[in-house]
Amino acid sequence: MDLKSLYTQILNEHNLHPSHKGTVQEPTITLQGVNPSCGDNIYVQLKVDASGTITEGAFNGSGCAVSQASADMMLDNIIGKPRDEALRLAQLFMDMIQGKVTDDAALEELDEAASLKNISVMPARVKCAVLGWHTLQEMLGAAPAESVSTE
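Cut-offs and rules
Residues numbered from 1 in each chain as written. Predicted model: local features only at pLDDT ≥ 70, side-chain atom pairs only at ≥ 80, totals over all residues. Heavy atoms only, no water. Salt bridge = Lys/Arg side-chain N within 4 Å of Asp/Glu carboxyl O. Buried < 20%, exposed > 50% of the residue type's maximum accessible area, 1.4 Å probe, protein only. Helix = DSSP H or I, 4+ residues; strand = E, 2+ residues; numbered from the N terminus. Expected span 1.5 Å × (residues − 1). Bend = angle between axes of the 7 residues up to and from the residue. Contact = heavy atoms within 4.5 Å. Core = buried A, V, L, I, M, F, W, Y, C linked by side-chain atoms within 4.5 Å.

**Q** Teacher, can you tell me more about the pattern of salt bridges here?
**A** Once their charged atoms are close, side chains differing in charge can pair, the charge on each being opposite to the other. Counted by the stated rule, this structure contains five salt bridges. Put simply, Glu 56 and Lys 47 hold a salt bridge, and the shortest N to O gap is 3.7 Å. With relative accessibility at 22%, the residue Lys 47 sits in the partly exposed group. Measuring nitrogen to oxygen at the nearest pair gives 2.2 Å for the salt bridge that ties Glu 109 to Arg 88. With Glu 109 in the loop between helix 4 (104–107) and helix 5 (123–139) and Arg 88 in helix 3 (residues 83–97), this pair connects stretches of sequence that are 21 residues apart. Residue class for Glu 109 comes out partly exposed when judged on its relative accessible area of 40%.

In C-alpha cells form, the structure reads like this:
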C-alpha cells in the first residue's frame, strides 16, 4: 500500500468512526476551536486529574474530514498522558506540520497522526489539521506564538 492510500485509509477511519467524538461527563476543561476560513468548529473537552494527567477526552462539533480525524487522532495520543507530555506531543505535531520535524523515527510517537505529515503541501488543509491540536495547546495554557494559527 502506498503512502497516499495509507493516509486516505487512516483519515477516513478516524473521520467515519471516531473513537472520541462525544462528550465528557463533568469535564475539567472545555474549549471551542474555530477555523473561520472554512467553518470548522469543534469543542474539545478534557478531564484532568489532580496530578495533571488527562484521564478522559472528547471532541464534538462539525468540520471537514481532516479536522475531525486529526482531533480524534490527537485524543488517541494524549489520553492517559500528563499535561506536559500532551503539550510536547502537540508541539511535535505542529513542528511536523510546519516541516520542522521530518524524521519518521521522531514522528513515531504521534502514531497515526504522523500520517498527516504531508498535509503541508495542501495549505488550505493545514488549518484544518492543526485545529484540535492548537485548541489543546490553548486549553493547557501553552499556545506558542510560533504555532500555526487557527484563525
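**Q** Sorry if this is basic, but what is going on with helix 5 here?
**A** It helps to recall that an α-helix has 3.6 residues per turn; residues three or four apart then point in one direction. Compared with the 24 Å implied by 1.5 Å per residue over 17 residues, the 25 Å span of helix 5 between its first and last C-alpha is a close match. Leu 131 marks the point of greatest bend in helix 5, at about 45 degrees. Within helix 5, 12 of the 17 residues are buried, which leaves the element mostly enclosed by the surrounding structure. Within the sequence span of helix 5, burial applies to Val 126, Cys 128, Ala 129, Val 130, Leu 131, Gly 132, Trp 133, His 134, Thr 135, Leu 136, Gln 137 and Met 139. Where helix 5 is buried, its residues meet strand 1 (29–35), strand 2 (40–48), helix 2 (65–78) and helix 3. Residue Gly 141 follows helix 5 closely and has a positive phi angle near 75 degrees.

**Q** For this particular structure, what's the right way to read the nonpolar core?
**A** A general trend in soluble globular proteins is that nonpolar side chains are found buried together. The biggest cluster of nonpolar side chains holds 41 residues, and the ones touching the most others in it are Leu 46, Phe 93, Met 96, Ile 97, Leu 110 and Trp 133. Elements with a minimum of two residues in this core: helix 1 (3–16), strand 2, strand 3 (54–62), helix 2, helix 3 and helix 5. Tallying contributions element by element places helix 3 first for this core, with nine residues. Non-local contacts of Ile 97, meaning those with residues more than four positions away in its chain, are made with Leu 116, Ile 119, Ser 120, Val 126, Ala 129 and Val 130.

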